[in-house]
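Here's the letter readout for the chains.
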Amino acid sequence: MFCYQCQETAGCKGCTACGVCGKQPEVAVMQDLLVYVTKGLSAVTTQLRAEGKTVDKTVNHLISVNLFITITNANFDLDSITTKVTETLAVKEELLGQVQNKESLPEAALWNGSDYTEKAKTVGVLATENEDIRSLRELITYGLKGLAAYTKHANALLNDDEELDAFLQSALAKTLDDSLSVDDLVALTLEVGKYGVQGMADLDAANTTAYGNPEITTVDIGVRKNPAILISGHDLKDLEMLLEQTKDTGVDVYTHSEMLPAHYYPFFKKYPHFAGNYGNAWWKQKEEFESFNGPVLMTTNCIVPPKDSYKDRLWTTGAAGYPGCKHIDAPYGEAKDFSAIIEQAKKCPPPTEIETGSIIGGFAHEQVFALADTVVEAVKSGAIRKFVVMAGCDGRAKSRSYYQEFAEKLPKDTVILTAGCAKYKYNKLDLGDIGGIPRVLDAGQCNDSYSLALIALKLKEVFGLNDVNDLPIVYNISWYEQKAVIVLLALLYLGVKNIHLGPTLPAFLSPNMAKVLVDSFGIAGITNVDDDMRIFGL
Ligand code: FSO
Ligand code: SF4
């Protein structure tokens, strides 16, 4: 195996024996094959569109889910990944029969073998020899994986964007095209960012249409006395179904990690048994799932291989999977049957309290726009000197304590704008407020970084600036997996410069490609808190 798609990759170079995430080599190579056949299917759908034919949205959904399955910590289940390879090949063969001109199709579009394991070993990252081309192909593929994850959530809310799917598939196909130069692939990378903005806008529209606009909300982090289910990941439709089915059962529902922002949506406030948020970012789940005592439903990635003590309480749905853990699913638009989880919950003791108090969030675009006068006044008066975007992911690495220290040392006239699970490094600190505006404004999940971009664009308009980089906003972003890659590419597409990215730069950036990002966009790493404070002018 060779995998270097996430920030925790072994030695900042690549996982070769087994994933730091716990991914076994046979799973890693089968994921490589799933990416390969998905690219082959995408080449076929792209050719069909070029020939004027329509592609059914079930095929679009399959492609998005396949990519999502291969995101870090999403799916460790060899059987379900292998089944997806078979399903994808079958769909591809059927569509291939409709293609008139097959001459330009790549090998991946034509391959229909049965020796998956042997083939898988030949189609991984290292199959591309030129390290710059490899770097760009992987950067594009990882960005598309992140985009596919957001697309999948929008699809679950019956929001489809054929233009976006067509782009996603054509871009996937282009990563197989040996005629493309480094310059072509750099241009394609930026185009992926453009569609990243569109994909996050689609998901924002799907979420806010279904559940209303997030609003300032205080979320309880203690526990109640009832047995309960913990729901983690990013899929709000899954949460809605779970809340509906647990109504009047005596079972409470708590959010974990990236599901916390669900509390900010007006729709979910009508459920009295929606009890609060339990725990922290994904990587602390081994302790927290144990002490939660009840079942845990993983709706997306960020599964840590479970301890035996709670493995029988861990359930997956959607793109997530873990061998030995039960999986529940249903086609989009149909209800998933969570009754088995609810029955298990009834037999479990209530959660053990691990903290008390509350946290505040809900500062997505509409809520911040509603406060615009106060915010603008605070900036004009100098009460707020700078905004610091500290969005992205949290992770296991000790070096990430940098972000807590950075938040603690920020001058009192600065405000943190956050989204994603990175927030857990500072959303429980007592950083106070500025004239009633909390110093940590949480917009929501990582995809809600879209809100942070809208807020920046709004401020640019209010202050009559020509360039978003003239705003008093600095970017100190932490990344872990591929959704952060699409968020980064989206910000670059919007023209944001001088983003600092940590705790380490991606291993998949070759020295030349890292130089392109540094020279063209001012991307930089992090050093230490005190020096970085000076570099940021804080
Ligand atoms: Fe965190 Fe995991 Fe949302 Fe990621 S929960 S690390 S960026 O999946 O997706 O922020
Ligand atoms: Fe390694 Fe990250 Fe790939 Fe897991 S996802 S195998 S930790 S690079």
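What counts, and at which threshold
- Residues numbered from 1 in each chain as written.
- Chains lettered and ligands numbered in written order.
- Predicted model: local features only at pLDDT ≥ 70, side-chain atom pairs only at ≥ 80, totals over all residues.
- Heavy atoms only, no water.
- Helix = DSSP H or I, 4+ residues; strand = E, 2+ residues; numbered from the N terminus.
- Rg over C-alpha atoms; globule rule 2.2 N^0.38 Å.
- Buried < 20%, exposed > 50% of the residue type's maximum accessible area, 1.4 Å probe, protein only.
- Contact = heavy atoms within 4.5 Å.
- Areas by Shrake-Rupley, 256 points an atom, 1.4 Å probe, with all protein chains shown as cover.
- Lys, Arg positive; Asp, Glu negative; His and termini not counted.
- Charge placed at Lys NZ, Arg CZ, Asp CG, Glu CD.
- Pairing = 2+ DSSP bridges.
- Right-handed = clockwise from strand over helix to strand, strands pointing away.
- Domains from an automatic or database assignment.
- Buried area = accessible area lost by both parts, 1.4 Å probe.
- Salt bridge = Lys/Arg side-chain N within 4 Å of Asp/Glu carboxyl O.
- Polar contact = N/O pair within 3.5 Å; in protein donor to acceptor, adjacent residues only side chain to side chain.
- Nonpolar A, V, L, I, M, F, W, Y, C, P; charged D, E, K, R; others polar.
- Expected span 1.5 Å × (residues − 1).
- Near = heavy atom within 4 Å.
- Axes fitted to C-alpha atoms, helices over the stretch in contact; angles between N-to-C directions.
- Parallel < 35°, antiparallel > 145°, perpendicular 65-115°, else oblique.
- Left-handed = near helix turned anticlockwise from the far one by under 90°.

Chemist: Would you explain the overall build of the protein chain in this entry?
Modeler: Across its full length, the protein chain holds 19 helices and 15 strands. Against the globule reference of 24 Å for 538 residues, the protein chain gives a C-alpha radius of gyration of 22 Å, in line with a compact fold. Each principal axis of the C-alpha atoms in the protein chain carries an extent, and together these give about 65 × 60 × 45 Å. When the 538 residues of the protein chain are sorted by exposure, 62% land in the buried category. Put simply, of all contacts in the protein chain between residues at least 6 apart along the chain, 74% involve residues at least 24 apart. Roughly 19,600 Å² of accessible area belongs to the protein chain as shown, and the carbon and sulfur atoms make up 51% of that amount. Placing the 50 positive and 69 negative side-chain charges of the protein chain at their respective mean positions leaves the two points 3 Å apart.

Chemist: Before we go on, may I ask you to explain the pairing of strand 10 (residues 414-418) in this structure?
Modeler: As a general feature of sheets, a regular strand has side chains that alternate between the two faces. Along strand 10, five of the five residues are buried, which leaves the element largely enclosed by surrounding structure. Two strands pair when backbone bridges link them, and strand 9 (residues 386-389) and strand 10 are joined in this way by four bridges, in the parallel orientation. When the sheet's bridge partners are listed, V389 is paired in strand 10 with L417. In this fold, the crossover linking strand 9 to strand 10 by way of helix 15 (residues 401-409) has right-handed handedness. Inspection of the sheet shows strand 10 paired to strand 13 (residues 440-442) by three bridges, in the parallel sense.

Chemist: What exactly am I supposed to notice about the domain arrangement of the protein chain here?
Modeler: Interfaces are frequently sized by the accessible area removed from exposure as the parts join. Parsing the protein chain into structural domains produces domain 1 (10-210), domain 2 (217-346) and domain 3 (362-535). Domain 2 and domain 3 are separated by 28 Å when their C-alpha centres are compared. Each partner contributes to the interface: domain 2 provides 20 residues, whereas domain 3 provides 20 residues. Summing both partners gives a buried area of about 1,600 Å² for domain 2 against domain 3, and 54% of it is carried by carbon and sulfur. One can count one salt bridge joining domain 2 with domain 3. One salt bridge connects E258 with K423, and the closest N-O pair in it is separated by 3.9 Å. Counting every contact that joins domain 2 to domain 3 gives 15 residue pairs in polar contact (both at pLDDT 80 or more). Its residues placed into classes, the side of domain 2 that touches domain 3 shows eleven nonpolar, eight polar and one charged.

Chemist: When you look at helix 2 (residues 57-69) in this model, what are you seeing that I'm missing?
Modeler: Residue pairs spaced three or four apart in an α-helix point in one direction, given the helix's 3.6 residues per turn. Given a rise of 1.5 Å per residue, 13 residues ought to cover 18 Å, and the 18 Å separating the end C-alpha atoms of helix 2 matches this to within 8%. With respect to burial, helix 2 is a largely interior element, eleven of its 13 residues being buried. Of the residues making up helix 2, those classed as buried are V59, N60, H61, L62, I63, S64, V65, N66, L67, F68 and I69. In this structure, the buried residues of helix 2 make contact with helix 1 (25-50), helix 3 (78-96), helix 6 (131-156), helix 7 (162-174) and helix 17 (482-493).

Chemist: Looking at this structure, I do not really get the site of ligand 1. What am I missing?
Modeler: Residues in close proximity to ligand 1 include H234, E258, N301, C302, G392, C393, G420, C421, C446, Y480, E481 and K483, which together make up its full environment. In this structure, an oxygen atom belonging to ligand 1 sits 2.8 Å away from a side-chain N or O atom of N301. Along the lines of polarity and charge, the residues of the shell around ligand 1 split into five nonpolar, four polar and three charged.

Chemist: I tried to follow the sheet that holds strand 13 on my own but got confused; where do I start?
Modeler: Strand pairing within a sheet occurs via backbone hydrogen bonds; the two strands may be parallel or antiparallel. Across the sheet, five strands lie side by side as 13-10-9-14-15; this open sheet has parallel pairing. If you trace the sheet from one side to the other, it starts and ends with strand 13 and strand 15 (500-502), each paired once. When the angles between neighbouring strand axes are averaged without regard to direction, this sheet yields 20 degrees. On top of the sheet, helix 16 (residues 449-462) reaches strand 9, strand 10 and strand 14 (473-478); it is set at about 170 degrees to strand 14, its chief contact.

Chemist: I would appreciate a short explanation of the packing of helix 6 against helix 8 (residues 182-211) in the present structure.
Modeler: Each pair of packed helices can be described by the angle between their axes along with the distance between the axes. It is the contact of helix 6 with helix 8, at a shortest axis distance of 9 Å, that shows an interaxial angle of 10 degrees. Between helix 6 and helix 8, the crossing angle belongs to the class labelled roughly parallel. As helix 6 packs across helix 8, the resulting crossing turns out to be left-handed. Class assignment of the residues belonging to the contact of helix 6 with helix 8 gives a composition of 17 nonpolar, five polar and three charged.

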